Amino acid sequence: MDKELKVGVDEFSLVFFYPIDDVCNDWQSTAYSMIQEFIYKADIELLLGKVVEMRDKKPQAYSQAFTIENAPYYFTIALHETFVHMGILVRFSAHSWAVYQKRYFDFYGENINIGKFLSNIESPLYRYRLSRIDLTADYKNYDLSPHSIYSRLKDESLQVLDCNYRHSKRKISSVERDLVTESFYIGSRAENSQSLLRVYDKKSEQISNNGFRLDEALQCDSWVRFEASYRGNYAHQITEQLEHI
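Residues numbered from 1 in each chain as written. Predicted model: local features only at pLDDT ≥ 70, side-chain atom pairs only at ≥ 80, totals over all residues. Heavy atoms only, no water.

Regarding the nonpolar core
Part 1 of the argument: By size, the foremost hydrophobic cluster in this structure holds 41 residues, and its most contacted members are F38, I44, Y100 and F117.
Part 2 of the argument: With six residues, helix α1 (residues 27-41) is the largest single contributor of residues to this core.
Part 3 of the argument: Not counting residues within four places of it along the chain, the set of residues in contact with I44 comprises F38, I39, G49, V51, I68, F75, F92 and Y100.
Part 4 of the argument: Counting residues in hydrophobic clusters, the runner-up holds eight residues, among them V15, M54, A65 and L89. (Core = buried A, V, L, I, M, F, W, Y, C linked by side-chain atoms within 4.5 Å. Buried < 20%, exposed > 50% of the residue type's maximum accessible area, 1.4 Å probe, protein only. Helix = DSSP H or I, 4+ residues; strand = E, 2+ residues; numbered from the N terminus. Contact = heavy atoms within 4.5 Å.)

Printed below as a string of C-alpha coordinates:
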(Lines give C-alpha, C1' and ligand atoms only; values in the text may rest on other atoms or scores of the structure.)
Protein backbone atom coordinates (compact mmCIF):
# COMPACT_ATOMS: atom_id res chain seq x y z
CA MET A 1 0.00 0.00 0.00
CA ASP A 2 1.09 3.59 -0.60
CA LYS A 3 2.56 5.55 2.27
CA GLU A 4 0.30 8.23 3.71
CA LEU A 5 0.96 10.95 6.27
CA LYS A 6 -1.93 12.94 7.73
CA VAL A 7 -1.82 15.63 10.39
CA GLY A 8 -4.81 16.84 12.36
CA VAL A 9 -6.50 17.42 15.71
CA ASP A 10 -7.64 14.49 17.84
CA GLU A 11 -9.51 16.17 20.69
CA PHE A 12 -9.69 19.59 22.27
CA SER A 13 -11.26 21.63 25.05
CA LEU A 14 -12.26 25.30 25.03
CA VAL A 15 -13.10 27.58 27.92
CA PHE A 16 -15.39 30.57 27.36
CA PHE A 17 -15.24 33.62 29.62
CA TYR A 18 -17.26 36.75 30.29
CA PRO A 19 -16.06 39.15 27.56
CA ILE A 20 -14.88 41.99 29.82
CA ASP A 21 -12.80 42.07 33.00
CA ASP A 22 -15.65 43.18 35.21
CA VAL A 23 -18.07 41.75 37.74
CA CYS A 24 -20.89 39.69 36.23
CA ASN A 25 -23.92 40.22 38.45
CA ASP A 26 -26.09 37.48 36.94
CA TRP A 27 -23.61 34.80 35.89
CA GLN A 28 -26.11 31.96 35.44
CA SER A 29 -28.30 33.89 33.01
CA THR A 30 -25.26 35.28 31.21
CA ALA A 31 -23.69 31.84 30.96
CA TYR A 32 -26.85 30.38 29.38
CA SER A 33 -26.82 33.20 26.81
CA MET A 34 -23.16 32.48 26.02
CA ILE A 35 -23.92 28.77 25.62
CA GLN A 36 -26.83 29.48 23.28
CA GLU A 37 -24.62 31.77 21.22
CA PHE A 38 -21.92 29.10 20.91
CA ILE A 39 -24.48 26.42 19.95
CA TYR A 40 -25.82 28.75 17.24
CA LYS A 41 -22.42 29.90 15.94
CA ALA A 42 -21.01 26.37 15.83
CA ASP A 43 -24.16 24.79 14.32
CA ILE A 44 -24.06 22.23 17.12
CA GLU A 45 -27.69 21.11 16.89
CA LEU A 46 -27.63 21.17 13.10
CA LEU A 47 -24.50 18.99 12.85
CA LEU A 48 -24.48 16.90 16.03
CA GLY A 49 -28.06 16.79 17.35
CA LYS A 50 -30.29 18.04 20.13
CA VAL A 51 -28.52 19.49 23.16
CA VAL A 52 -29.85 18.03 26.43
CA GLU A 53 -28.84 18.09 30.07
CA MET A 54 -26.01 15.72 30.94
CA ARG A 55 -26.74 13.28 33.77
CA ASP A 56 -23.55 11.20 33.83
CA LYS A 57 -19.86 11.84 33.25
CA LYS A 58 -20.03 15.56 33.92
CA PRO A 59 -16.60 17.23 33.94
CA GLN A 60 -15.11 17.35 37.41
CA ALA A 61 -15.87 20.47 39.49
CA TYR A 62 -18.63 21.72 37.17
CA SER A 63 -22.16 21.80 38.60
CA GLN A 64 -24.17 21.59 35.38
CA ALA A 65 -23.44 20.14 31.96
CA PHE A 66 -25.08 19.52 28.60
CA THR A 67 -24.45 16.95 25.89
CA ILE A 68 -25.98 15.59 22.66
CA GLU A 69 -29.06 13.40 22.99
CA ASN A 70 -28.34 9.68 22.44
CA ALA A 71 -24.86 10.39 21.06
CA PRO A 72 -22.38 7.46 20.88
CA TYR A 73 -19.47 9.82 21.60
CA TYR A 74 -18.41 12.21 24.38
CA PHE A 75 -19.26 15.88 23.96
CA THR A 76 -20.02 18.33 26.72
CA ILE A 77 -20.73 21.96 27.52
CA ALA A 78 -20.32 22.61 31.25
CA LEU A 79 -20.51 25.48 33.71
CA HIS A 80 -20.46 26.14 37.41
CA GLU A 81 -23.53 28.13 38.33
CA THR A 82 -21.68 30.14 41.00
CA PHE A 83 -18.00 30.42 40.06
CA VAL A 84 -17.66 32.89 37.20
CA HIS A 85 -13.88 32.40 36.99
CA MET A 86 -14.34 28.77 35.85
CA GLY A 87 -16.02 29.96 32.67
CA ILE A 88 -17.83 27.55 30.36
CA LEU A 89 -16.07 24.37 29.29
CA VAL A 90 -16.66 22.86 25.83
CA ARG A 91 -15.01 19.51 25.24
CA PHE A 92 -14.88 17.60 21.96
CA SER A 93 -13.66 14.02 22.14
CA ALA A 94 -11.82 12.60 19.14
CA HIS A 95 -15.01 10.82 18.08
CA SER A 96 -17.32 13.83 18.40
CA TRP A 97 -14.86 16.08 16.53
CA ALA A 98 -14.58 13.51 13.72
CA VAL A 99 -18.38 13.35 13.45
CA TYR A 100 -18.62 17.15 13.48
CA GLN A 101 -16.04 17.47 10.67
CA LYS A 102 -17.76 14.84 8.51
CA ARG A 103 -21.22 16.35 8.91
CA TYR A 104 -19.87 19.84 8.31
CA PHE A 105 -18.45 18.63 4.98
CA ASP A 106 -21.67 16.80 4.12
CA PHE A 107 -23.76 19.90 4.81
CA TYR A 108 -21.52 22.72 3.54
CA GLY A 109 -19.42 20.88 0.97
CA GLU A 110 -16.11 22.03 2.45
CA ASN A 111 -13.69 20.85 5.09
CA ILE A 112 -13.34 22.46 8.50
CA ASN A 113 -10.26 22.53 10.70
CA ILE A 114 -9.69 23.90 14.17
CA GLY A 115 -8.64 27.34 12.88
CA LYS A 116 -11.81 27.78 10.83
CA PHE A 117 -13.91 26.44 13.70
CA LEU A 118 -12.54 29.10 16.05
CA SER A 119 -13.17 31.77 13.44
CA ASN A 120 -16.77 30.60 13.02
CA ILE A 121 -17.59 30.87 16.72
CA GLU A 122 -16.26 34.42 17.23
CA SER A 123 -18.80 36.53 19.16
CA PRO A 124 -18.95 39.73 21.26
CA LEU A 125 -20.79 37.73 23.93
CA TYR A 126 -17.67 35.87 25.09
CA ARG A 127 -13.93 35.41 24.78
CA TYR A 128 -12.37 31.98 24.69
CA ARG A 129 -9.13 30.03 24.68
CA LEU A 130 -8.08 26.42 24.29
CA SER A 131 -7.36 24.64 27.55
CA ARG A 132 -6.23 21.47 25.78
CA ILE A 133 -5.50 20.40 22.22
CA ASP A 134 -4.09 17.12 20.93
CA LEU A 135 -2.27 17.37 17.60
CA THR A 136 -1.66 14.21 15.59
CA ALA A 137 0.55 12.88 12.82
CA ASP A 138 -0.57 9.54 11.38
CA TYR A 139 2.02 7.50 9.48
CA LYS A 140 0.19 4.85 7.49
CA ASN A 141 2.01 2.04 5.65
CA TYR A 142 5.45 3.28 6.70
CA ASP A 143 8.18 0.88 7.79
CA LEU A 144 7.83 2.14 11.35
CA SER A 145 6.77 0.80 14.72
CA PRO A 146 6.82 2.24 18.24
CA HIS A 147 9.33 -0.48 19.16
CA SER A 148 11.79 0.40 16.36
CA ILE A 149 11.56 4.14 17.05
CA TYR A 150 11.97 3.71 20.81
CA SER A 151 14.97 1.38 20.33
CA ARG A 152 16.70 3.98 18.18
CA LEU A 153 15.97 6.70 20.71
CA LYS A 154 17.60 4.56 23.41
CA ASP A 155 20.77 3.95 21.39
CA GLU A 156 20.67 7.62 20.23
CA SER A 157 20.65 6.84 16.53
CA LEU A 158 17.46 8.95 16.69
CA GLN A 159 17.24 12.14 18.76
CA VAL A 160 14.54 14.51 19.88
CA LEU A 161 15.30 18.00 18.56
CA ASP A 162 13.71 21.33 19.42
CA CYS A 163 12.58 23.92 16.86
CA ASN A 164 16.19 25.15 16.54
CA TYR A 165 17.46 21.60 15.86
CA ARG A 166 19.11 21.37 19.25
CA HIS A 167 19.11 18.08 21.12
CA SER A 168 16.24 18.24 23.60
CA LYS A 169 16.70 16.32 26.83
CA ARG A 170 13.27 14.97 27.67
CA LYS A 171 12.03 12.18 29.89
CA ILE A 172 11.21 9.09 27.80
CA SER A 173 9.17 6.16 29.12
CA SER A 174 7.57 3.15 27.47
CA VAL A 175 4.84 0.54 27.83
CA GLU A 176 5.98 -2.94 26.82
CA ARG A 177 4.42 -6.36 26.34
CA ASP A 178 6.61 -9.46 25.93
CA LEU A 179 9.67 -7.19 25.58
CA VAL A 180 8.08 -5.32 22.67
CA THR A 181 7.38 -1.59 23.03
CA GLU A 182 3.69 -0.96 22.34
CA SER A 183 3.84 2.77 23.00
CA PHE A 184 6.21 5.34 24.43
CA TYR A 185 6.00 8.83 25.86
CA ILE A 186 8.26 11.86 25.58
CA GLY A 187 7.76 14.31 28.44
CA SER A 188 6.20 14.01 31.87
CA ARG A 189 3.05 11.93 32.27
CA ALA A 190 2.04 13.85 35.40
CA GLU A 191 -1.55 15.09 35.41
CA ASN A 192 -0.51 18.76 35.39
CA SER A 193 2.04 18.37 32.57
CA GLN A 194 1.57 21.00 29.86
CA SER A 195 3.05 18.96 27.02
CA LEU A 196 3.35 15.25 26.29
CA LEU A 197 4.06 13.24 23.14
CA ARG A 198 2.71 9.72 22.84
CA VAL A 199 3.73 7.39 20.00
CA TYR A 200 1.70 4.20 19.57
CA ASP A 201 0.30 1.61 17.19
CA LYS A 202 -3.02 3.13 16.20
CA LYS A 203 -4.04 0.13 14.10
CA SER A 204 -3.69 -2.26 17.05
CA GLU A 205 -5.46 0.19 19.36
CA GLN A 206 -8.48 0.48 17.07
CA ILE A 207 -8.71 -3.30 16.60
CA SER A 208 -8.38 -4.14 20.29
CA ASN A 209 -10.86 -1.44 21.37
CA ASN A 210 -13.27 -1.85 18.44
CA GLY A 211 -12.71 1.88 17.85
CA PHE A 212 -14.77 4.19 15.68
CA ARG A 213 -11.95 4.17 13.07
CA LEU A 214 -11.76 0.36 12.94
CA ASP A 215 -12.62 0.10 9.22
CA GLU A 216 -9.88 2.61 8.44
CA ALA A 217 -7.40 0.64 10.56
CA LEU A 218 -8.21 -2.64 8.79
CA GLN A 219 -7.54 -1.07 5.40
CA CYS A 220 -3.87 -0.23 6.08
CA ASP A 221 -0.80 -2.41 6.61
CA SER A 222 0.46 -0.34 9.53
CA TRP A 223 -0.54 2.84 11.34
CA VAL A 224 1.77 4.60 13.80
CA ARG A 225 0.42 7.72 15.49
CA PHE A 226 2.37 10.61 17.00
CA GLU A 227 0.01 12.42 19.38
CA ALA A 228 1.14 15.63 21.10
CA SER A 229 -1.07 16.89 23.92
CA TYR A 230 -0.77 20.55 24.95
CA ARG A 231 -2.46 22.08 27.98
CA GLY A 232 -2.41 25.28 30.02
CA ASN A 233 -0.11 28.01 28.76
CA TYR A 234 0.91 26.01 25.68
CA ALA A 235 -2.74 25.59 24.67
CA HIS A 236 -3.31 29.31 25.27
CA GLN A 237 -0.38 30.16 22.98
CA ILE A 238 -1.74 27.87 20.27
CA THR A 239 -5.09 29.70 20.54
CA GLU A 240 -3.38 33.02 19.90
CA GLN A 241 -1.46 31.65 16.91
CA LEU A 242 -4.57 30.09 15.37
CA GLU A 243 -6.33 33.44 15.53
CA HIS A 244 -3.70 34.88 13.14
CA ILE A 245 -3.89 32.12 10.53
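The rest of the description comes next.
Regarding the sheet that holds strand β9 (residues 195-201)
Part 1 of the argument: Taking strand neighbours across the sheet as the criterion, the ten strands line up as β2-β3-β4-β5-β1-β6-β10-β9-β8-β7 in an open arrangement whose pairing is antiparallel. Looking at strand neighbours, the two that pair on one side only are β2 (51-53) and β7 (172-177), the edges of this open sheet. When strand polarity is set aside, the average angle formed by the axes of neighbouring strands in this sheet is 20°.
Part 2 of the argument: Sheet analysis places strand β4 (residues 75-79) next to strand β5 (residues 88-92), joined by five bridges and oriented antiparallel. Each bridged residue has a counterpart across the sheet, and for T76 the counterpart in β5 is R91.
Part 3 of the argument: Running at roughly 155° to β4, α1 makes contact with β1 (4-17), β2, β3 (64-68), β4 and β5 of the sheet. (Pairing = 2+ DSSP bridges. Axes fitted to C-alpha atoms, helices over the stretch in contact; angles between N-to-C directions.)

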